[in-house]
Amino acid sequence: MPRPSAITIDLEALKHNAGVAGRLADSKKLMAAVKADAYGHGLIPCSKALEPLVHSLAVAVCEEAVLLREAGIQLPILVLDGPFDRVDIEVINELKLMSVVHSQQQLDLLLPITDKTAPPSVWVKVDTGMHRLGFQPKDLPDVIAQLNGVPDVVVMSHFADGEDPGSELTRRQLDRWNRLGLPIQDGTSFANSAGLINGLAPACEWVRPGIMLYGAPHQNGQGHELLRPVMSFRSAVMAVRTVETGETVGYGGRWQAPRVSRIATIPVGYGDGYPRSAKDGTPVLIGQTLCPLAGRVSMDMITVDVTDCHDCEVGTPVELWGQTLPVNRVAEQADTIGYELLTRMTSRVPRHWRP
Ligand SMILES: *Cc1c(COP(=O)(O)O)cnc(C)c1O
């Protein structure tokens, strides 16, 4: 029997979630974020599944856009980081990519714009409060003037705290956005998944959901309960043993048996992307029962306390996260967020796409 650890990507769930995002977006256009290998779900299969359902795709860097075009994907593609150098400018021109510009240096790379080189659309990033990238609001008119000749200019910003619907920071960001005096429809874009789910999106032409498409937003809100997890990370029990009271399990002896215990060993570890920072008690679904992680995560294995699980034997199916166990519940126990766990699965784990 091969090692049973694998990832299943449910493309039907992805399409369903895009439908939910579409309904929340109302009349706004959907740009699907597929950066970082579609958040670890597979850039090409996910983009192909999304192609008929969204208006455009967003990637972080030009290299990701090249992969999309090589796979024959014709949708408009936005490069969120914008160009890093002249090579990127050539790629943007050749593949007719839409590009973000977030600084004058980047704008200088893009200029001068001629009929031949004009990208179909340039997205000007404005810093309303995230303070990572973007032009200051007062410089926007000058930037737009420099982009004279570009067929389509979109002004965009990004929520820093969209997960919290009552956030003071969000209120400040929206305030600065409103003071830009932009048209309420054409050429504007603000919200990510959290903005959409929490109903924060100002009137805009575009919304840019990512994590909600993969069914793992880390906040509740409108439409949240309709989303379906796309990635399921599964394995099976490879060994079961009895451990006497007071004995410890795994490296460093972190977990100590408070009673005579049954321990199941599962062939997944941090070498596969299961977080080493997961604490004792992190839920693992063994058969139909949620059981607590017991002991440090190893490179290739984890150990789980199955004393209270009555149908656990070698070969019993295990879900690390997915359809039944939300990835965010595991992430919480590892002091991180679902985004990180989904995105950093390693190539050792076979991925299967279910149409
Ligand atoms: C990644 C990203 C998004 C999507 O964010 P989610 O939180 O995954 O919905 C939207 N806009 C920008 C600029 C991004 O970088």
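Throughout this description, residue numbers start from 1 for each chain and increase along the sequence as written. It should be noted that, the model being predicted, local features are given only for residues of pLDDT at least 70 and side-chain atom pairs only at 80 or more, the latter also being counted only at that level, while totals for whole chains, interfaces and linings use all residues. In computing side-chain properties, one takes all heavy atoms of the structure into account and sets aside hydrogens as well as water.

K.L.:
Now, about the sheet that holds strand β17 (residues 302-305): what can you tell me, with residues and values included?
P.N.:
Here we have 3 strands laid out as an open sheet, ordered β11-β14-β17, and antiparallel in their pairing. Unpaired on one side and paired on the other, β11 (239-243) and β17 mark the two borders of the sheet. On average, adjacent strands in this sheet sit at an angle of 30° to one another, irrespective of strand direction. In the sheet, β11 pairs with strand β14 (residues 261-266) via 5 bridges, with the strands oriented antiparallel. Within β14, the residue paired with Val 240 across the bridge is Ala 264. By the convention used here, strands pair only if DSSP detects at least 2 bridges between them. Helix numbers and strand numbers start at the N terminus; a helix is a DSSP run of H or I with at least 4 residues, a strand a run of E with at least 2. For every element, the axis is a line fit to its C-alpha atoms; helices are fit only across the contacting stretch, and the angle between N-to-C directions ranges from 0 to 180 degrees.

K.L.:
Kindly report on the sheet that holds strand β18 (residues 317-321), identifying the contributing residues and their values.
P.N.:
In spatial order, the strands read β16-β15-β18-β10-β1-β19; together these 6 strands make up an open sheet with mixed pairing. Of all the strands in the sheet, the pair left with one neighbour each is β16 (289-292) and β19 (351-354). Strand after strand, the sheet turns through a mean of 35° between neighbouring axes, direction not considered. Note: strand β15 (residues 283-286) against β16, 4 bridges, orientation antiparallel. Looking at β16, one finds that Val 284 is bridged to Cys 291. The criterion used for residue contact is that any of the two residues' heavy atoms lie within 4.5 Å. Docked against the sheet, helix α1 (residues 11-25) engages β1 (6-10) and β19, running at close to 40° with respect to β1.

K.L.:
I'd like a description of the pattern of salt bridges, backed by residues and values.
P.N.:
Between Lys or Arg on one side and Asp or Glu on the other, a salt bridge is scored when a side-chain nitrogen of the former is within 4 Å of a carboxyl oxygen of the latter. With the rule as written, the count across this model stands at 16 salt bridges. A salt bridge links Arg 234 to Glu 319; the shortest N-O distance between them is 3.9 Å. Taken together, the residues Arg 234 in strand β10 (residues 231-236) and Glu 319 in strand β18 connect sequence positions 85 residues apart. Per-residue accessibility, obtained with a 1.4 Å probe over protein chains only, is compared with the maximum for each type, and a residue is labelled buried under 20%, exposed over 50%, and partly exposed between these values. What makes Arg 234 partly exposed here is its relative accessible area of 28%. The partner of Arg 348 in a salt bridge is Asp 300, with the nearest N and O atoms 2.9 Å apart. A residue pair is termed long-range when its members are at least 10 positions apart, and Arg 348 in the loop between α11 (338-343) and β19 and Asp 300 in the loop between β16 and β17 qualify at 48 residues. The exposure class assigned to Arg 348 is partly exposed, which follows from its relative accessible area of 38%.

K.L.:
Tell me about unusual backbone geometry, and name the residues and values.
P.N.:
Of note, the bond from Leu 111 into Pro 112 is cis; its omega dihedral lies within 30 degrees of zero at -5°. Tracing the sequence through the fold places Pro 112 in the loop between α6 (104-110) and β6 (122-125). In this model, Ala 36 sits at a positive phi of 50°, which is unusual for a non-glycine residue. Along the chain, the position of Ala 36 falls in helix α2 (residues 35-40). Positive phi, close to 60°, is recorded for His 131, a residue that is not glycine.

K.L.:
An account of the environment of Leu 182 is requested, with residue identities and associated values reported.
P.N.:
One can find Leu 182 in the loop between α8 (168-178) and β8 (188-189). Taking C-alpha positions, Leu 182 is 50 Å from Gly 281, a pair spaced 99 residues apart along the chain. With residues near it in sequence (within four places) discarded, Leu 182 still touches Leu 140, Val 155, Trp 177 and Thr 188.

K.L.:
Run through the packing of aromatic side chains, naming residues and quoting values.
P.N.:
Between 30 and 60 degrees the pair is tilted, below 30 it is stacked and above 60 it is edge-to-face, where a pair is any two Phe, Tyr or Trp rings, Trp via its six-membered ring, whose centres lie within 6.5 Å. The final tally for this structure, using the stated rule, is 7 aromatic pairs. On the basis of an interplanar angle of 55° and a centroid distance of 5.6 Å, the ring pair of Trp 123 and Trp 206 is categorised as tilted. Placement of Trp 123 in strand β6 and of Trp 206 in strand β9 (residues 206-207) is noted, with a sequence separation of 83 residues between them. On the basis of relative accessible area, Trp 123 is assigned to the buried category, the value being 0%. An aromatic cluster of at least three residues, connected via ring pairs, comprises Tyr 39, Tyr 214 and Tyr 339.

K.L.:
Outline α1, supporting the account with residue identities and numerical values.
P.N.:
One less than the number of residues in a helix, times 1.5 Å, gives the span that helix is expected to have. If you check α1, its first and last C-alpha atoms are 21 Å apart, about what 15 residues at 1.5 Å a residue would give, namely 21 Å. Within α1, the full set of buried residues consists of Leu 11, Ala 13, Leu 14, Asn 17, Ala 18, Val 20, Ala 21 and Ala 25. For α1, the buried positions fall inside an angular range of 165° around the axis, keeping them on one side. Summarising the contacts, the buried residues of α1 are in contact with β1, β2 (29-33), α3 (43-50), α9 (193-197), β9 and β19. What qualifies as a polar contact is a pair of N or O atoms within 3.5 Å, subject to a donor-acceptor requirement within protein and to the restriction that residues adjacent in sequence count only when both atoms come from side chains. Taking the backbone nitrogen of Glu 12 as reference, a side-chain oxygen 3.1 Å away marks Asp 10 as the first, capping residue of α1. Note that the arc is defined by the directions from the helix axis to the C-beta atoms.

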